[in-house]
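One-letter residues, chain by chain:
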Amino acid sequence: MFIQIIQGRCRDADEMHRLSDEWRETIGTQAEGWLGGTYGITDDNEFVAVVRFESREAAARNSTRPEQGEWWSRMEQCFDGEASFHDCDNSLMFLDGGSDDAGFVQVIQGRLEDPDRFRHFMEQPMDMLHEARPEIIGGTIAIDEDGWFTETISFRSEAEARKGEQMEMPDPQRTEFEQEMAQVRDMRYLDLHSPWFASRMSGAGSGSGGSGSGSGMMPGRGTSMGERPMGHGPLSRG
């Protein structure tokens, strides 16, 4: 699986939703290898899209389609400044992955000192996490070549997430978890109170929360995937 992270300051949320719906209903029907995505806008108007493809090659093919380029030329007008892109071959899902049923999504980003060790840790069985935090539906992890990572955690609701983050993880798992999180630098949290989703399986997206904005997709700009315009984990905020 390949994940592309798209972020930027949003200046027209309504048009961004409208264009997302348009993509799903038109261009998305022919987007070979697209699996789905999680999208949202933070309280301070930062847009985040976590888009899943079968492979980097599938994402690149979609990016070079002329209709994709025309669509992106309109979508990028919804940003205040340039959007940033992170292309991540090193990616995985945990529990039920990027669920379309979430009422709240938390995005965690930071830089890893040892990406391989972090991935190995996150690939372990999640039975303990599921038992300790049943409100967590699942999530995705995407790690860039330079160690920058983006983790999405999907919750049934924000109220349940806030209640759950006050709970202590039992030992010895807590010690192992804290040791792993100690390697993360420059950590930041982005709360998506009204996320929206789209997936190949459902053929449509779903809005949640107060936005009432339907569904969407945002699979990247119409240029080469290699060109970038920019030059404590799932249990507690710490």
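In this report, we go over the structure that sits alongside the text. No experiment lies behind these values; they were computed from the predicted model shown. (Residues numbered from 1 in each chain as written. Predicted model: local features only at pLDDT ≥ 70, side-chain atom pairs only at ≥ 80, totals over all residues. Heavy atoms only, no water.)

## Some remarks on the environment of glutamine 4
- In this structure, glutamine 4 sits in strand S1 (residues 2-9).
- A relative accessible area of 0% means that glutamine 4 is categorised as buried.
- Once the C-alpha coordinates of glutamine 4 and alanine 142 are considered, the two residues, 138 residues apart in sequence, prove to be 8.1 Å apart.
- At a separation of 2.9 Å, a polar atom in the side chain of glutamine 4 contacts the side chain of aspartate 87. (Helix = DSSP H or I, 4+ residues; strand = E, 2+ residues; numbered from the N terminus. Buried < 20%, exposed > 50% of the residue type's maximum accessible area, 1.4 Å probe, protein only. Polar contact = N/O pair within 3.5 Å; in protein donor to acceptor, adjacent residues only side chain to side chain.)

## Examining unusual backbone geometry
- Backbone geometry at leucine 95 places phi at a positive 50°, although glycine is not the residue there.
- Summarising the element assignment, leucine 95 is placed in strand S5 (residues 90-95).
- Leucine 95 gets classed as partly exposed once you look at its relative accessible area, which sits at 33%.
- Its identity is not glycine, yet aspartate 186 carries a phi of approximately 55°, on the positive side.
- On the secondary structure map, aspartate 186 appears in strand S9 (residues 184-192).
- A residue is classified by how much of its surface remains accessible, and aspartate 186, at 55% relative accessible area, is exposed.

## Here's the deal with the pattern of salt bridges
- On inspection of all chains with the given rule, the structure shows 18 salt bridges.
- The shortest N-O distance in the salt bridge between glutamate 22 and arginine 18 comes to 3.4 Å. Taken as a pair, glutamate 22 and arginine 18 lie in helix H1 (residues 13-25) at a separation of four residues, close to a single helical turn.
- Among the ionic pairs, arginine 61 bridges to glutamate 32, the shortest N-O distance being 3.7 Å. Taken as a pair, arginine 61 in helix H2 (residues 56-63) and glutamate 32 in the loop between H1 and strand S2 (34-41) lie far apart in primary sequence, 29 residues in all.
- One salt-bridge network, held together by shared partners, links Glu15, Arg18, Glu22, Glu70 and Arg74. (Salt bridge = Lys/Arg side-chain N within 4 Å of Asp/Glu carboxyl O.)

## Details of the nonpolar core
- Grouped together as the largest cluster of nonpolar side chains are 25 residues, with contacts concentrated most on Met16, Trp34, Tyr39, Phe47 and Met75.
- Elements represented by at least two residues in this core include exactly S1, H1, S2, strand S3 (46-53), helix H3 (66-75) and strand S10 (196-199).
- In terms of residue count, S3 provides more of this core than any other element does, four residues in total.
- Counting 21 residues, the second largest nonpolar core, distinct from the first, contains Met122, Leu129, Ile141 and Ile143. (Core = buried A, V, L, I, M, F, W, Y, C linked by side-chain atoms within 4.5 Å.)

## Re the packing of helix H4 (residues 115-122) against helix H7 (residues 173-181)
- With their axes 11 Å apart at the nearest point, H4 and H7 run at an angle of 150° to one another. Comparing the axis directions of H4 and H7 gives the class roughly antiparallel. In the packing of H4 onto H7, the handedness of the crossing is left-handed. For the pair H4 and H7, the contacting residues are Arg117, Phe118 and Phe121 in the first and Glu176, Phe177, Gln179, Glu180 and Met181 in the second.
- A per-class count over the contact of H4 with H7 returns four nonpolar, one polar and three charged. (Axes fitted to C-alpha atoms, helices over the stretch in contact; angles between N-to-C directions. Parallel < 35°, antiparallel > 145°, perpendicular 65-115°, else oblique. Left-handed = near helix turned anticlockwise from the far one by under 90°. Contact = heavy atoms within 4.5 Å. Nonpolar A, V, L, I, M, F, W, Y, C, P; charged D, E, K, R; others polar.)

## Side note on the environment of isoleucine 137
- Within the secondary structure layout, isoleucine 137 lies in strand S7 (residues 136-143).
- Note on isoleucine 137: relative accessible area 15%, which makes it buried.

## Looking at the sheet that holds S9
- What the five strands build is an open sheet, ordered S5-S7-S8-S6-S9; its pairing is antiparallel. Single-partner strands in this sheet number two, and they are S5 and S9. On average, adjacent strands in this sheet sit at an angle of 15° to one another, irrespective of strand direction.
- Strand direction decides the pairing type here: S7 and strand S8 (residues 148-155), joined by seven bridges, are antiparallel. Following the sheet pairing, isoleucine 141 is matched in S8 by glutamate 151. (Pairing = 2+ DSSP bridges.)

## A short note on the side chain of glutamine 109
- By the element assignment, glutamine 109 lies in strand S6 (residues 104-112).
- Taking the relative accessible area as the measure of exposure, glutamine 109 reaches 1% and is therefore buried.
- Beyond its immediate sequence surroundings of up to four residues, glutamine 109 is in contact with Ile5, Gln7, Trp148, Phe149, Thr150, Asp186, Met187, Arg188 and Leu190.

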